[in-house]
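Architecture at a glance
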Amino acid sequence: MNLLAFNLPIVVLLPFIAAAAAAYSAKFNRLAAAWVSGIATIISLALLIPAAAAIFGGETIIQNWNWLHQAGLQFAFRLDGLAMLFSFLILIIGLLVIIYARWYLAAKDSMGRFFAYLMMFMGSMLGIVMSENLIQLVVFWELTSITSFLLISYWQHRKDAREGARMALAITGAGGLALLGGVILLGHIVGSYQLSDVLASGDLIRNHELYLPTLILILLAVFTKSAQFPFHFWLPHAMAAPTPVSAYLHSATMVKAGIFLLARFFPALSGTDAWMWLVGGAGMATLLIGAYTALFKHDLKGLLAYSTISHLGLITLLFGFSSQFATVAAIFHIINHATFKASLFMVAGIIDHETGSRDMRKLNGLLKYMPHTAALAIIASLAMAGVPLLNGFLSKEMFFAEAVSFSQGNSFAWIIPVLVTIAGVFSVAYSLRFVHDVFFNGEPIDLPRTPHEPPRFMKIPVDLLVIVCLAVGILPMYTVAPILDIAVTASLQSTPPEYSLALWHGVNLPLIMSAIALGVGALVYFRRKPLIANYERHEHINAKQYFQKILAAVIRFSEWLSARFDKGSLQNAAAWTLFATLVISAYGFISFNSPLLGDRTLLPMEPVSMIAAAVIIVASILTLAWHRQRLQSLIVIGVVGLITSLVFVKFSAPDLALTQLSVEVVTIVLLLLALYFLPQTTPKETGMSRLGRDALLAIASGIGVFLFTMMVLSRDFSSISEYFLANSVPGGGGTNVVNVILVDFRGFDTLGEIIVLALAGLGIYAMLQGLHINPHSRFRINADAHPVILQTFSRLMLPLMLLVAVFIFLRGHNLPGGGFIAGLIASVALIVVYLSNGIEWTQSRLRVDMHMVIGFGLLIATTTGLAAMLVGYPFLTSAFSHIHWPVVGDFELASAIAFDLGVFLVVVGSSVISLVQLGQLSHKPENPEGV
Amino acid sequence: MTHTPFLPLILPLIAGILILLAKPGGIKLQRTLAITATAILVAASLYVMQSALQNPPQIYALGNWKAPFGIVLVLDQLSAFMVLITSLLAAAALWFAIRQNTDTEGAHFHVLFQIQLFGINGAFLTGDLFNLFVFFEVLLLASYGLLLHGGGRLKTRAGLHYVAINLIGSTLFLFAVGALYGILGTLNMADLAQKIALLPASEQGVVATAGLMLFVVFGVKAAMFPLYLWLPQAYANTSAPVAALFAIMTKVGIYAILRVHGLLFGDAAGDLAGLHIDWLLWLGLLSMTFAAFGVIAAKNLRQQVAYLVLASVATLLVAIGINTEQALSAALFYLIHSTFIAGGLFLLADYIRQGRGHAEDAFVRAHSMPSAILIGSVFIFAALAISGMPPLSGFLGKFLILQSALDHPAFWWILGVVLTSSLLIIIALARSGSLLFYNILPQEENHAPDNAQQTSSGKINMQGCGSIIGLLSVGAILVLFAQPIYNVTDSIAQQLNQPQMYLQNVLQFTPVENAHKELVE
């Protein structure tokens, strides 16, 4: 088994597994979480070692598994010099942070949660640097945004932690989305998301018309992640995180991810004017703003935060120079910044931990309380300032050299060395402030705790880092040179230029710039008091405030929009629906060149139809006019229904007329019952403008429906109905085509419709169950609820009406009628009995649970269909035969009649259940359990 | 004669009827029946899916009448896919409802639930436009019943809006079907498609009007801007398992557009081809924007989840609006994600509501809930999935959709709106998560017991958590097994893009010979 075939995904995934293990083990032992994390980190490191020989030999290891090949997705991991360098930084500094955090966290802080988040973050970072597939890289990129959100908000009870975390998430999350866009474009240009392909296609990319948008999107990701101007403001607020988190995120990892991307995409994207202006410009601005602001921060971590921003700007600026030498300097400075900044954050954490304060106005003269820590802090700060014999000096020297050489190309570029020297001045000044203010400068003022040295293990990580600072600073060729070399080779994808890591290059311009920076920087520091006073007198552009203002504006806008559009009002929703229908359907018509009307000859108008139409029109208008008097409007709605049935009669559709008539009766009765519980009049609620809008919509809808109908009716019509007429008798066994359609040709529709009816009945039952409404008081005038004449009459009528129902039912298949109409007639009969005699009286005599009637109705209809399946036909296939009955004669028996019986039962059951429920509303208290 | 296409319909229908008849047997019997029936339905759906993948579109002629005269069911890969998703979601929702005793809060829960499945599956399987209308009515009534289940002022109010707007939709559906029948003389979708392909120019305007009217109807179901106003309140106020089940309801609208407009106004439709596509894309983008703002403005978690549902449906609309085979496959992939994650999120929101006592799920400061770390972690998982953050399914789905949009003329609009709305959603979810789990009121000690009761956090009934785990795990499964799942969605998209097979199978289908039909001489 060759470890080198699959070790990379394990290196990346192990921290995630360790995260779960850490969270779980912390339940049993507080420290277990730290041990689990530490061991996992060491294993990950160990798994990288076997690959080291190959990498130092100049190879690139790629391990590939298919993920989704149609979309160009692979689980693909890559280890080359650059990835190796970053992995080592992530893992080694990670390990130190784990050791440090174990001592740093207080007893009340949850160890499990902390280490779980930290390990997830570590895994995400490893994923970024070791991804060969760019989409996979985006995945890990966003994971760092998410896990850093969790880490920054670790002390969740603190408002600044929550806000800082959300801000970081919003900014870096936005960058991640931009990266997704950029990578999709990049993949589109190159035809692959594999890094190897992308890196080999630099010229193709730079000459593509999509180059600029791709570049901008990717740089958005870089700038947000690496806290470049103007997105730098989230970083200082992320300092609300516990200090180990800051030490990790803001030295070697999170903020370096953006820089990593610059190094990674250097061969593919760099070298154009756009690159230089954007990357260089952002880098320069960030460098200066960071260095300047850092001097004025009283909070230790605040100073370090702005210093980090400034150093990130420095590295970005180097990449912006777009030369191979500059890349060497940039990568070198990445290493150096990671070491000294991690140690400084840890020192800040120690000071905070042991004194209870991070305010440099209070922290003074700590040298005598914590000399060891002071020594460490001084060395690391001097490295940050760029003092010789320390690593920071070497890379800063290279940086100055690059600034000088870049300035030679352009007559205005002389400004660049000047600006970077100014940044250097401030860098020296704030480094001095970190050292002098804290460890010298008199005695501490009002510290919450008496300062003392921290536990030994808290210092060990710092010791190690500071040793590295010294070793690299004094003996660069024997320490950092090999890994720097392979990292630069991997970043450039070519042999790096000849460069020298020597301490002494003779007296040259960069050395003079360094000297100026050191000298003037010291001067600035000792003149700091008036400078700080002056700084604090002025209002400063506070990007956080802008961010929050924009965010607040977005929230206000959202709320405004929601309140305006989604009002939770039915009328509003209905108006939008109708409006959309009108606009979209009308668009459909006008976008085609069809005549409005067809050429079919219209029937002549005759008086009966005209009267019917006039009555419908008048009734509709009256409904509108009387809509506040609910009873009246119900009556005129009834008129509309009646006329509709008459229209069916006129056009020889007796089945439809009968159905319409019975439906009309049942619904009006149910509506009357419902009205019993409602006020008699509707209050005025709508203003004139709403009325106007509604009137417009209503008129437009009316005209629209009219035109739409006319379009269809004025055209010639031929349809499949011929087939129904021809096959009704031979195929359906009935002469009433309407009924054969209902129970046979389209019996499945009917089954659906009776289910709808059943649902309506059951739904009304469920909705009204347990509900008690007092009828509106004005209805209680009539003391005689059940007039005797009506009672007697209805009891007499019941058998007659049921007989009619049976008659209508039986003849249905051949003559107008059928289960649906029969069911409605039977319902009307029962309803009359209920109404005239009262529900208790009727129920005591009609002891049938209407649920069961509905249930059996559905069962009969369905079983009729199933029976066909048993004999090898599709559901609902009908069969019919005729039998000879004595006396009666030949009688046809169709399976459809059973189906129709089901229909009949469901119609009766649903109508009656609805009526009984409504009728019982006011009686509920006596019978709380329902029917 | 195979009954395969009919299985997903007849099973819940029989189950619904039996459960209704089992009413006197009490809730235990009804539950047993419901669970058994749903388990069988899941198994049957798997079988149906497998059958659909291996065969060309299968026809089932109800009543043994050939198309276009009778109603036919058509089982193709898309139908089977939708049916399978529905039954899996239903199983999770049902389990949660039973374990949480939601089903005892009112009458007929299980009947309504099964008939709801009958209605949804019917809509997915029918090949007849009017029958689709009937199934729309079935699922509307069943969903109305479920929506109101348990009662209460808010549910009733939201339910009224829901049913009223959907009834407007039904009316428009009838207008449109009537007009199509009036011009084309048929109701079978395949037949309609065939007739539209040969339509003379003089009739195109009418058919276009009807087609776009149908588009509005399906848009109401799919909750497309500006037709979605019924959704947020309805989903936010109903019981958790019902809201979870409703995650499929918007997809019925999406399916109907894919099926009906795909067949009737597909590439073969001449001048009418792609009639709805631009509307789909641009209204989808608008929906996404409005939904994202709605997510920010939401006043409580369930409302927020409802808007998240809107946003994910909008993503689907956009994807279908891109109108390529690749985009369609991506859309179907995203549809799986959208359905299950939204379902899981509604159930999770119910835990959170229970845990926060009197504050419920409102976005106000409250006391810490029990098991806050566990619930919070699950919330983060769900939030990542639904907002489209890596490494979960929402991200993969959005990536696939964006990738398929690369050659579209509106690419920059699509990219911009999708990414910006994702960002707004991330910000909103970070705010709400931070408020629900982090920004908690301190635990006050030593106060009077009665006082304690008022301010204390609630209890969470963790029964039914299997449903949440099952639904949300889809977020990871879709990423890990992206290849086999995408192969399926790809195959579906291919079949949809070649409707000739569908048309041919429907129109050339011959019924079984020789039924028992004897006539009187």
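Within every chain, residues take consecutive numbers counted from 1 along the sequence as written. Lettering for chains starts from A, numbering for ligands starts from 1, and both go in the order in which the items are written. Totals for whole chains, interfaces and linings use every residue, but because this is a predicted model, local features are given only for residues with pLDDT of at least 70 and side-chain atom pairs only at 80 or more, for both listing and counting.

**Some remarks on the overall build of chain A**
For chain A, the helix and strand inventory stands at 37 helices and four strands. The C-alpha radius of gyration computed for chain A amounts to 42 Å, which surpasses the reference 30 Å derived for 931 residues by more than 25%, pointing to a less compact arrangement than a globule. On the principal axes, the C-alpha backbone points of chain A span a range of 130 × 60 × 60 Å. Counting over 931 residues, chain A shows a buried share of 50%. Note on contacts: each residue gets a C-beta atom placed from the backbone, and two residues are in contact if those atoms are within 7 Å. Sequence-distant contacts in chain A: of pairs separated by 6 or more residues, those separated by 24 or more amount to 79%. The secondary structure listing takes helices from DSSP runs of H or I that are at least 4 residues long and strands from runs of E that are at least 2 residues long, numbered from the N terminus. For this measure, only C-alpha atoms enter the radius of gyration; the expected value for a globule follows 2.2 Å times N^0.38, where N is the number of residues. The exposure label follows from counting other C-beta atoms within 10 Å of a residue's C-beta, where the C-beta atoms are placed from the backbone and the thresholds are 20 or more for buried and 12 or fewer for exposed, leaving partly exposed in between.

**Some points on the packing of helix H2 (residues 32-56) of chain A against helix H4 (residues 111-129) of chain A**
Residue and element names in this part refer to chain A. Helix axes are fitted to C-alpha atoms over the stretch in contact, other axes to C-alpha atoms as well, and angles between N-to-C directions run from 0 to 180 degrees. H4 packs onto H2 with a crossing angle of 20° between their chain directions and a minimal axis gap of 9 Å. Considering their axes alone, H2 and H4 lie roughly parallel with respect to each other. The chirality of how H2 crosses H4 is left-handed. Two secondary-structure elements touch here, H2 through Ala33, Ala34, Ser37 and Ala40 and H4 through Met111, Gly112, Phe115, Leu118 and Met119. Each residue is assigned to one of three groups, with Ala, Val, Leu, Ile, Met, Phe, Trp, Tyr, Cys and Pro labelled nonpolar, Asp, Glu, Lys and Arg labelled charged, and all others, Gly among them, labelled polar. Residue composition of the contact of H2 with H4, grouped by class: seven nonpolar, two polar and no charged. By the definition adopted for this analysis, an angle is roughly parallel if under 35 degrees, roughly antiparallel if over 145, roughly perpendicular if from 65 to 115, and oblique otherwise. In a left-handed crossing the near helix is turned counterclockwise from the far helix by less than a right angle, and in a right-handed crossing that turn is clockwise.

**Digging into the domain arrangement of chain B**
All names here are of chain B. Annotation comment: domain bounds sourced from an automatic or database domain assignment. One can read the domain layout of chain B as domain 1 (1-268) and domain 2 (276-442 + 450-480). The distance between the C-alpha centroids of domain 1 and domain 2 comes to 24 Å. Between domain 1 and domain 2, the contact holds 33 residues from the first and 37 residues from the second. Looking at the side of domain 1 that touches domain 2, the elements that each hand over two or more residues are helix H3 (77-99), helix H8 (201-222), helix H9 (231-237), helix H10 (240-245) and helix H11 (249-264). If one sorts the elements of the side of domain 1 that touches domain 2 by residue count, H3 sits on top with eight residues. Residues that form the side of domain 1 that touches domain 2 fall into these classes: 27 nonpolar, four polar and two charged.

**Some remarks on the interface of chain B and chain A**
Chain B puts 111 residues into the contact, and the matching count from chain A is 106 residues. It is H8(B) that contributes the most residues to the side of chain B that touches chain A, 14 residues altogether. Residue classes in the side of chain B that touches chain A are distributed as 76 nonpolar, 27 polar and eight charged.

**Focus: the packing of helix H7 (residues 189-197) of chain B against H11(B)**
Residues and elements named next belong to chain B. Interhelical geometry of H7 versus H11 gives an angle of 35° and a closest axis separation of 8 Å. Facing H7, whose interface residues are Met189, Ala190, Leu192, Ala193 and Ile196, H11 presents Val260, Leu263 and Leu264. Grouping the constituent residues of the contact of H7 with H11 by class yields eight nonpolar, no polar and no charged.

**Digging into the environment of A:Thr489**
Residues and elements named next belong to chain A. Positionally, Thr489 belongs in helix H21 (residues 481-492). Classification of Thr489 as partly exposed rests on a count of 17 C-beta atoms within 10 Å. Taking the C-alpha atoms as reference points, Thr489 and Leu82, separated by 407 residues in sequence, lie 7.9 Å from one another. Here Thr489 is in contact with Gly58, Gly81, Thr495 and Pro496, once residues within four sequence places are set aside.

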